[in-house]
Amino acid sequence: MAKKPVAFKAALSFPNRAIAHFYSRIEQQRLVLQHIRAALPEALAKHARYCVINDKKLLIYTDSAAWASQLRFYNQAILTAATPMTRDAVTIMKIKILTEQKSPDTQPVRKAAVPSLEKIEIIRNLGLNVPDNQLKQSLLKLSATLQRLSDDAG
């Protein structure tokens, strides 16, 4: 039986210089980070998370401000370790702190502050005694809702 020709080829299966260039940059940055970690004490090396080289500037990403402060003490050692891995000598080092990315799913759910039962009863009584019909309905609905929320929380 004859083999059917493939109708669609994956985009990454075509030769693409741009993607190859990005992969080589990623690999270079991984190797630079390896050399930087080797030049640091073991406890500190774990907190040098990522690095990016752009022109003569080296950006190092770390977990917190405390680790960023410690990494600044090793400025010269880091620059010395990164220089053999780059075309041009790296002369500037900057440290960035990674912040946690919060997705909409993990945000805390805000809960309503439900007043006490006495205050709910005051609202209900006030609603029963108000001469304005629209205000009366609103206060009674509010007291009913607060009562329901109070029952659900308790």
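Residues numbered from 1 in each chain as written. Predicted model: local features only at pLDDT ≥ 70, side-chain atom pairs only at ≥ 80, totals over all residues. Heavy atoms only, no water.

J.: Please explain the pattern of salt bridges as it appears in this structure.
T.: Close approach of charged atoms allows side chains of opposite charge to pair. Going through the model one piece at a time under the given rule, you end up with 3 salt bridges. Among the ionic pairs, R30 bridges to E27, the shortest N-O distance being 2.4 Å. Here R30 pairs with E27, and both are found in helix α1 (residues 17-39), just 3 residues apart, close to one helical turn. Of the residues examined, R30 reaches a relative accessible area of 40% and is grouped as partly exposed. Residue E121 pairs with R124 through a salt bridge whose shortest N-O separation is 3.0 Å. Note that E121 and R124 are positioned in helix α5 (residues 117-129) at a spacing of 3 residues, about one turn of the helix. With a relative accessible area of 23%, R124 lands in the partly exposed category. (Salt bridge = Lys/Arg side-chain N within 4 Å of Asp/Glu carboxyl O. Helix = DSSP H or I, 4+ residues; strand = E, 2+ residues; numbered from the N terminus. Buried < 20%, exposed > 50% of the residue type's maximum accessible area, 1.4 Å probe, protein only.)

J.: Which parts of the structure should I look at to understand the packing of α5 against helix α6 (residues 133-153)?
T.: Running from N to C, α5 and α6 point in directions that differ by 160°, and their axes come no closer than 8 Å. Viewed along their axes, α5 and α6 adopt a mutual orientation that is roughly antiparallel. Here α5 runs over α6; the crossing is left-handed. Touching L117, I120, I123, R124, L126, G127 and L128 of α5 are K136, L139, L140, L142, S143, L146, Q147 and S150, all from α6. Looking at side-chain class alone, the contact of α5 with α6 contains 9 nonpolar, 4 polar and 2 charged residues. (Axes fitted to C-alpha atoms, helices over the stretch in contact; angles between N-to-C directions. Parallel < 35°, antiparallel > 145°, perpendicular 65-115°, else oblique. Left-handed = near helix turned anticlockwise from the far one by under 90°. Contact = heavy atoms within 4.5 Å. Nonpolar A, V, L, I, M, F, W, Y, C, P; charged D, E, K, R; others polar.)

J.: What exactly am I supposed to notice about the side chain of T62 here?
T.: Among the secondary structure elements, T62 is positioned in strand β2 (residues 57-62). Owing to a relative accessible area of 0%, T62 belongs among the buried residues under this scheme. A polar contact of 2.6 Å, which involves the side chain of T62, links it to the backbone oxygen of H47. If we skip the residues at most four places from it in the chain, T62 touches H47, R49, W67, A68, L71, I95, K96, I97 and L98. (Polar contact = N/O pair within 3.5 Å; in protein donor to acceptor, adjacent residues only side chain to side chain.)

J.: In this structure, what is going on with the nonpolar core? I would like to understand it.
T.: Taken as a class, soluble globular proteins show a tendency for nonpolar side chains to be buried jointly. Core analysis: the biggest nonpolar cluster contains 19 residues, and I36, L40, L58, I60 and I78 have the highest contact counts within it. Apart from the residues lying within four places of it in its own chain, the contact partners of L58 are I36, C51, V52, I53, I78, A82, V90, I92, M93 and K94. (Core = buried A, V, L, I, M, F, W, Y, C linked by side-chain atoms within 4.5 Å.)

J.: How should I be thinking about the sheet that holds strand β1 (residues 48-54) in this particular structure?
T.: Strand pairs in the sheet, formed through backbone hydrogen bonds, run parallel or antiparallel to each other. If you walk across this open sheet you meet the 3 strands as β1-β2-β3, and the pairing is mixed. The open sheet has two free edges, formed respectively by β1 and β3 (92-97), since each of these has just one partner strand. The sheet shows a mean angle of 20° between the axes of neighbouring strands, taken without regard to direction. Where β2 lies against β3, 6 bridges are found, and the strand directions are parallel. What sits directly across from I60, in β3, is I95. On the sheet, α1 packs against β1 and β2 and is oriented at approximately 125° with respect to β1. Contacts from helix α3 (residues 65-73) reach β2 and β3 within the one sheet, and its direction differs from that of β3 by about 165°. (Pairing = 2+ DSSP bridges.)

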